[in-house]
Every structure is written in structure tokens, then in C-alpha cells.
Amino acid sequence: MTRPRVVVFDYGFGNVRSAQNSLLRVGADAVISADPAEALACAGLVVPGVGAFAACAAGLRAASGPRLIGERLAGGRPVLGICVGMQVMFDAGDEHGLVTEGLGVWRGDVTRLTAPVLPHMGWNTVIAPPGSTLFAGVGDERFYFVHSYAARAWDGPPGAATWSDYGGPFVAAAETGALAATQFHPEKSGDAGLSVMANWLAALR
Amino acid sequence: MRGSSVPPSGPAYPGRVSLAVRVIPCLDVDDGRVVKGVNFVDLRDAGDPVALAAHYSSSGADELVFLDISASHSGRSTMVEVVRRTAEQVFIPLTVGGGVRAIEDFDMLLRAGADKVGVNTAAIARPVLLAEAATRFGSQCVVLSVDARRSADQPSGFEVTTHGGRKSAGLDALDWVRRAEDLGAGEILLNSMDADGTTAGFDLAMIRAVRAVTSLPLIASGGAGEPEHFAPAVAAGADAVLAASVFHFAATSIGAVKQTMSAAGVPVR
């Protein structure tokens, strides 16, 4: 069995070590790197991200992330965004009125959740569309979320979004073409998360 | 057709999506070894934090907390190694606290694979540490640990303590929680020094008081002795419940606690 080469993009934000550990567990040849050539050449690129949208977007730009991700997607080469690594795929992020431009692969803005307790921290359920690659064979499982912002509307192809709810519905994952992303942390979601990682990896082979 | 798609709806939807209350075992680690370790049947070495973490993860723990109680400098570097090895094998969130003094400690622990870092005394000494850590690493990984007890000296009736409850920090506990939230803490770990060690149940009055002043996720700690103790802490306002000895001494299990919580109507994983 081949072990697909996966690069966890190390642009300074996100728990890259945990992402690498979970990918190794499900059989990837996973490395942590910020090298543009590696990021382009690998079978799959993981874009993690924690903290503020503005900081992550700036970090990603400084590491040529938008160009690398754009080139990969144009060539149909898989990219997986995690948490803020998902959020930056949208048009923009709005943090207390500070609007930061995202990569704009997906339409719409990332805005603050409305709930009595924030961040949304813990294990929540999701509703995946039929035919989802990421959630194939994954039953009624919970996934680990830590975030205060999310895409609360989906303007992409119907049936490409997985939804969750915390003070209102938000996009918990999305899959269009070569781009997949999760608002939750699959690398921290126990066996259910490893199944999602394994599904993404299986599609790279 | 492209258009703004809406989330799935219908009678089955609302009830199916809800955040679970987290059940979190805490391990005291001294120089790389679990203090008060127990012999679970499937564990060869009850003192190994990595093995115990894996055991708890497979038993349904929603998160783990390592509390480093090492006095020595070498103990701290040992802890980083323990975190690194745990993160290789255990795929649930890990919070590490104890002896965190500076931004460099956050950096070292997060790089090793911790998801959150708990800070207590150092934030009391220099509150801006919370802001610095939140700016650099994000609020989501900054856990303020508060050891509180009743005191007539403070307006709210609750004061902050240090040194395991032996010394007063001279701070009102509710004021401190409010201030920590403003500075950028992402979660509050509230340990009642009045309830701690009693195994008579969580400190519901203290949980209610803190819940009323913060919109951050609140982890309740101190006093758990049996599975029936956990649901009332949630009713009082806790988003997560933490316990140590009640799990370690196999007085009860994560599964039994979750079953009892679920029977009381609390959503669990």
C-alpha cells in the first residue's frame, strides 16, 4: 500500500504537530513544512490554523499560501483546511468590524457566532450531505470544535456543505472539487476524527 | 443551480445537534510520573502518564488535563517530553498546566503538542501574560485556572488563592474572572478549594456565581465523589466537569459518569 505524501503547511499558526500525528496514524507519509516546492509537489496539502482570522491570513500570505493553494486547486490537487485554515478559504473574515480578505475560493464571510457562551468549545454533532467523501461511513459521531467565528451561510454548490449548530446553524465542513475543509479539529476528534482524516487520505491514493 | 443553500431542517434536525458537556480527567504529574496513579486492569504501568492518557481516551474522556507538579527544572523538561509522546498517541484535546511562568512555556508546550495551556499563579503576578499569550497563540489555548474559596474579605464572598489554597492572593474571584476574560483568556478552570478533596459534590454556589460573570466556557473542578455529582454542576452552569481521584481510584469510571449524566438529561458524547 502506498503512503501518500502529505505536507502540513507550517506558516506559523495551528497545531501542526497534532495534525501530523493524526495523519501518520491513518497511514500518510506526513511531514511539517513551509517549503513551497514541497507544498506544491505533495499528494495532499493540509492547511491548519488557530487564533485570529487576520493573523492567520497574514501568516498565510507571508508564506505564499494563497499562490500555492491556488495553484494546487487549479490543478485539481487536494487541499484540506482545518479550523481557521477552513475560514480563510472564504471571501473575508469579520472580527469585531475588522474585515480581513480571505482567499475567496468560497463565497461568503466568516462572522461571529451568536451564543451565550463563546468560544464554541467541545464535541458537537454534524449533518453531512449524502455523497460526502469526508464523512463516508462515519455515523452519528461528535467532533471537537474550538472557535468563535464561522461561515453561517453557504453559497456554493448545494449538497457540498456539512452543517452543525451552536446558537444557529453554521458550516462545519465543506467539499468542492479538490478543496475540503473542516471547522472542527479532525486531529483532535478521537476515532471519528481519524475516520475523516482516513477518508480524505484515501481519496489521495 | 447555484444559490444560497440553507441548512437541513425538519423535525429531526434541532434535537440532533447539541454540544456535549465535556468530562475531563486530570492527571497530576511529578517529574514524568503520575502521582496517585492507579492500577487499571489494562494498564501495565499506572504511573505512566502516556499510558493513563490513552486509557482515559479510549474510556470516553472528552479532554485531558495534565497538571505538572514538578518542583525541579528537569521535571519541566520531562513534562514537555510527556506531552510530545501523549500527542503522538492520543487524539483528543490536551491541556497542560502547572508551573507555567512565561510566554516561552506556552510556546514550548504548544509546540510539543498541547492544545491548551493552563496558567494560574503567573497570571496573578502579571495579568498581562494572558493578553500576550492570547495575542500570540489565540485565546482558544489560554486557560485561566482559578483556585477559589469563600472569604468575607472580598465583595463577592469568593477570593483567589495560591499555593494550593494555603495563601490568599488578595483578589476577588469574580473580579479576577471578569478581568481575565477581558485580557483574552479563552476558558476558565474553576477549582473550589472549599469542595476540593471532600468528595461531597461540586461547589454549586461557586459555579453559579462564576457562571453569572463570564461568557467563557467554564470547567468545574473540586469535590466530585460519585457519578450523581456531575449533572448538578452542569445545571449550575458548568460547560465541562473535571475530576482526578474519583477516576484514578476507580471509584467510578468515565462511562458510569456519562451514563448518569445522560440519564439526568445532560448531553454527553
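Heads up: the structure comes first, above all this text.
Described in the following lines is the structure provided in the data block.

The rules behind the values
- Residues numbered from 1 in each chain as written.
- Chains lettered and ligands numbered in written order.
- Predicted model: local features only at pLDDT ≥ 70, side-chain atom pairs only at ≥ 80, totals over all residues.
- Heavy atoms only, no water.
- Pairing = 2+ DSSP bridges.
- Helix = DSSP H or I, 4+ residues; strand = E, 2+ residues; numbered from the N terminus.
- Axes fitted to C-alpha atoms, helices over the stretch in contact; angles between N-to-C directions.
- Contact = heavy atoms within 4.5 Å.
- Buried area = accessible area lost by both parts, 1.4 Å probe.
- Salt bridge = Lys/Arg side-chain N within 4 Å of Asp/Glu carboxyl O.
- Polar contact = N/O pair within 3.5 Å; in protein donor to acceptor, adjacent residues only side chain to side chain.
- Parallel < 35°, antiparallel > 145°, perpendicular 65-115°, else oblique.
- Nonpolar A, V, L, I, M, F, W, Y, C, P; charged D, E, K, R; others polar.
- Buried < 20%, exposed > 50% of the residue type's maximum accessible area, 1.4 Å probe, protein only.
- Arc of directions from axis to C-beta.

In this section: the sheet that holds strand β13 (residues 179-182) of chain A. Residues and elements named next belong to chain A. The strand order across the open sheet built from seven strands is β2-β1-β3-β4-β13-β12-β11, with neighbouring strands paired in mixed fashion. Each end of this open sheet is capped by a strand with a single partner; those strands are β2 (29-33) and β11 (161-165). Averaged over neighbouring strand pairs, the angle between their axes works out to 20° when direction is ignored. Here five bridges tie β11 to strand β12 (residues 169-176), and the two strands are oriented antiparallel to one another.

With that settled, the discussion passes to the sheet that holds strand β10 (residues 149-151) of chain A. All names here are of chain A. Taking strand neighbours across the sheet as the criterion, the four strands line up as β6-β5-β7-β10 in an open arrangement whose pairing is mixed. Across the chains shown, the open sheet's two edge strands, defined by having one partner strand only, are β6 (98-101) and β10. Here the average twist between neighbouring strands, direction ignored, is 20°. Of the strands in this sheet, β5 (90-95), β6 and β7 (106-112) touch helix α3 (residues 53-62), which is tilted by about 25° from β6.

All names here are of chain B. With three bridges joining them, strand β7 (residues 158-162) and strand β8 (residues 167-172) adopt antiparallel strand pairing. The partner of Glu 159 across the bridge, within β8, is Asp 172. The hairpin formed by β7 and β8 contains four residues between the paired strands, and His 163 there has a positive phi angle of roughly 55°.

Moving on: the interface of chain B and chain A. The interface is formed by 45 residues belonging to chain B together with 39 residues belonging to chain A. Of the roughly 3400 Å² buried at the junction of chain B and chain A (both faces included), carbon and sulfur atoms supply 56%. A salt bridge links B:Asp115 to A:Lys188; its shortest N-O distance comes to 2.8 Å. Seen at the junction of chain B and chain A, the total is 16 residue pairs in polar contact (both at pLDDT 80 or more). Within the residue set of the side of chain B that touches chain A, elements represented by two or more residues are α1 (13-16), α3 (73-89) and α4 (103-112) of chain B.

The next thing to look at is the packing of helix α1 (residues 16-25) of chain A against helix α6 (residues 190-202) of chain A. Residue and element names in this part refer to chain A. Two numbers describe how α1 lies on α6: the axes approach to 9 Å, and their chain directions differ by 70°. In terms of orientation, α1 and α6 fall into the roughly perpendicular class. Mapping the contact onto sequence places Ala 19, Ser 22, Leu 23 and Arg 25 in α1 and Leu 194, Met 197 and Trp 200 in α6. For the contact of α1 with α6, the class distribution of residues is five nonpolar, one polar and one charged.

All names here are of chain B. Running from N to C, α3 and α4 point in directions that differ by 30°, and their axes come no closer than 8 Å. With respect to α4, the element α3 is oriented roughly parallel. Between α3 and α4, the residues in contact are Val 80, Val 83, Arg 84 and Ala 87 and Met 108, Leu 109 and Ala 112, respectively. Of the residues that constitute the contact of α3 with α4, the class distribution is six nonpolar, no polar and one charged.

Here we come to helix α11 (residues 254-263) of chain B. All names here are of chain B. Within the span of α11, buried status applies to Ile 254, Val 257, Lys 258 and Met 261. Buried residues in α11, looked at end-on, bunch into an arc of 95°, giving them a common side. Exposed and oriented more than 90 degrees from the buried face of α11 are Gln 259 and Ala 263. Here the buried face of α11 lies against β1 (22-30), α2 (49-58), α9 (230-235), β11 (240-243) and α10 (245-248). One or two steps after α11, the chain reaches Gly 265, where phi turns positive at roughly 90°.

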